[in-house]
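Geometric and topological summary
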Amino acid sequence: RRLATSRARRRARAMRDDVEDGADVPEDVADAFASATTRETRAAIARNTDVDALRASRDAAKAALAKAELAYAAATLAREASRDDDDDVEFSCSYGYIASLRGCYIDIERHGVPRGFLQSGTENFARELREMMAYFDANTPETEKARDAMPAELRAKMDALRLDADAIWARERARPEISAPWILKVPYVALCVMLDKLFDETQPVQRFWFLETVARMPYFSYTSMLTFYEILGWWRRSSELRKVHFAEEWNEYHHLLVMESLGGDACWRDRFLGQHAAIVYYFVLVALWLISPALAYNFSELIEGHAVDTYGQFVDQNAELLKSMPAPRIAVEYYEAADLYLFDEFQTAREVRSRRPQIRSLYDVFSNIRDDEGEHVNTMNACQREDSDISSPNAVNAKTAAVAALVAAQYAFQKIAETALMADEVAIDVDAVMDEKVTVGVFDAILRLFDFL
């Protein structure tokens, strides 16, 4: 064995010596190639391979890559410089009331844990009591205080945004109706009418903040009930569904942060109504789940469908204005993050990685929020069917990729065996063997084809 290894290394050194200057063959690649091939196979490769053509192709690819990297670097630098020159291009979660007190998680170095129930409750009550007194004091324009930090041009554009409630109802009548019993339709219609009465057409962002505060409650309640069922030992087959619901809540949470960054929670009245409505909604859904999980999911499907219509109308009605407004930093951080595992996780009706938003303006933000709500509708609909198999999209993708890797590995081993038997007739693919700086050998080069795992 030592003699064979020594011979293989001598062959590898001889091969490296034969390579012309500039070829730059890594030592591990040469070792792997020398170990995996025979003299006859190398002779067949030498006869059937045009080294000069391969070198020219490699040099052209390197030049193209260098040019692309230079163009990418220039574009990135230009974009960052443009953001530095224009203060309105990007803004953080700083125009909302809650974010101004507690900050946003992307701006906090230490997240920590909350204080005790009594201490936290007492502090919040005292703070909100002062805000309530200020709200009823006509001489204290509370909403203006939170918006003072907004640039004047951005504030003017925010004031120009409109949302036509009648057009939302028209959209709902125009699309296929979501089937639901009257016991759900009555409170659903009452909730939508309440939103129309509480927020007129000049308050779309405040309406959205209220809607997103309430929209998180279904996923909190579903996760709680699935956990409760598991604690009782009644049901343990929905572990992946809990992951999906957490990803859905995480998505709605970022919708909420976007609305806060736009000042949607600046008014005490909106916070009071939204947070108390959320508490009531949470326990209503818990009660519905105890009666029938399908009923709870059906009601959520109705609410999410209304959200799709609402955001769709808002985007179409304010398209040009939204395209001229900057995207909040929290939206860019969420939709263009390096790790989009949770973003893929809640989209159970589509292929993993099939949706990768590009956020350039507030129009892109609201368009993607509308699309997110559509994905929630699909998941809520699927959860109502007894024969539906709701699984983690990432888990399904990983299992599929693992099967594909096993099939490909079997195929690769078969080809290697054929090469050993027919070295004179079958030529090894040089690009597959010498594609990168192989660290282990030929098999490592094959496995790196499946880096998506």
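See the structure above.
The following paragraphs examine the structure supplied in this document. These numbers come from a predicted model, not from an experiment. (Residues numbered from 1 in each chain as written. Predicted model: local features only at pLDDT ≥ 70, side-chain atom pairs only at ≥ 80, totals over all residues. Heavy atoms only, no water.)

Considering the overall build of the protein chain
- Along its length, the protein chain carries 22 helices and 2 strands.
- Scored against the burial criterion, the 453 residues of the protein chain give a buried share of 39%.
- Residue pairs in contact within the protein chain that sit at least 24 positions apart in sequence constitute 78% of those at least 6 positions apart.
- For the protein chain, the computed accessible surface area is about 25800 Å², with 57% contributed by carbon and sulfur atoms. (Helix = DSSP H or I, 4+ residues; strand = E, 2+ residues; numbered from the N terminus. Buried < 20%, exposed > 50% of the residue type's maximum accessible area, 1.4 Å probe, protein only. Contact = heavy atoms within 4.5 Å. Areas by Shrake-Rupley, 256 points an atom, 1.4 Å probe, with all protein chains shown as cover.)

Considering the side chain of Glu252
- Within the secondary structure, Glu252 is located in helix 13 (residues 239-261).
- Of the side chains with opposite charge, Arg216 comes closest to the buried, unpaired Glu252, at an N-O distance of 7.7 Å.
- A polar contact of 3.5 Å, which involves the side chain of Glu252, links it to the side chain of His376.
- Residues within four places of Glu252 in sequence aside, it is in contact with Glu212, Ala215, Arg216, Tyr219, Glu304, Glu373 and His376. (Lys, Arg positive; Asp, Glu negative; His and termini not counted. Salt bridge = Lys/Arg side-chain N within 4 Å of Asp/Glu carboxyl O. Polar contact = N/O pair within 3.5 Å; in protein donor to acceptor, adjacent residues only side chain to side chain.)

Comments concerning helix 10 (residues 182-198)
- Helix length check: helix 10, at 17 residues, gives a terminal C-alpha distance of 24 Å against a target of 24 Å (1.5 Å per residue), a fit within 8%.
- Within helix 10 the residues assigned to the buried category are Leu184, Tyr188, Cys192 and Leu195. Seen end-on, helix 10 carries its buried residues on one side only, within an arc spanning 60°. Of the exposed residues in helix 10, the ones pointing more than 90 degrees away from its buried face are Trp182, Ile183, Val186 and Lys197.
- Where helix 10 is buried, its residues touch helix 9 (165-174), helix 11 (204-215), helix 14 (268-291) and helix 15 (293-317). (Expected span 1.5 Å × (residues − 1). Arc of directions from axis to C-beta.)

Section: a nonpolar patch on the surface
- A cluster of nonpolar side chains, namely Phe228, Leu232, Trp234 and Trp235, defines an oily patch on the protein surface of about 430 Å² accessible area.
- In this fold, Leu232 is placed in helix 12 (residues 217-232). (Patch = residues over 30% accessible without salt bridge, like charges linked within 9 Å, V, L, I, M, F, W, Y side chains within 5 Å.)

Topic: unusual backbone geometry
- Positive phi is not limited to glycine here, since Arg353 has a value of about 70°.
- Look at Arg353 and you get partly exposed, because its relative accessible area is 45%.

Topic: the packing of helix 13 against helix 19 (residues 362-383)
- The N-to-C vectors of helix 13 and helix 19 enclose an angle of 155°; their axes lie 11 Å apart at closest approach. With respect to helix 19, the axis of helix 13 lies roughly antiparallel. By crossing handedness, the relation of helix 13 to helix 19 is classed as left-handed. For the pair helix 13 and helix 19, the contacting residues are Leu241, Val244, His245, Glu248, Asn251, Glu252, His255, Val258 and Met259 in the first and Val365, Phe366, Ile369, Asp372, Glu373, His376, Thr379, Met380 and Cys383 in the second.
- Tallied by class, the residues present in the contact of helix 13 with helix 19 amount to 9 nonpolar, 5 polar and 4 charged. (Axes fitted to C-alpha atoms, helices over the stretch in contact; angles between N-to-C directions. Parallel < 35°, antiparallel > 145°, perpendicular 65-115°, else oblique. Left-handed = near helix turned anticlockwise from the far one by under 90°. Nonpolar A, V, L, I, M, F, W, Y, C, P; charged D, E, K, R; others polar.)

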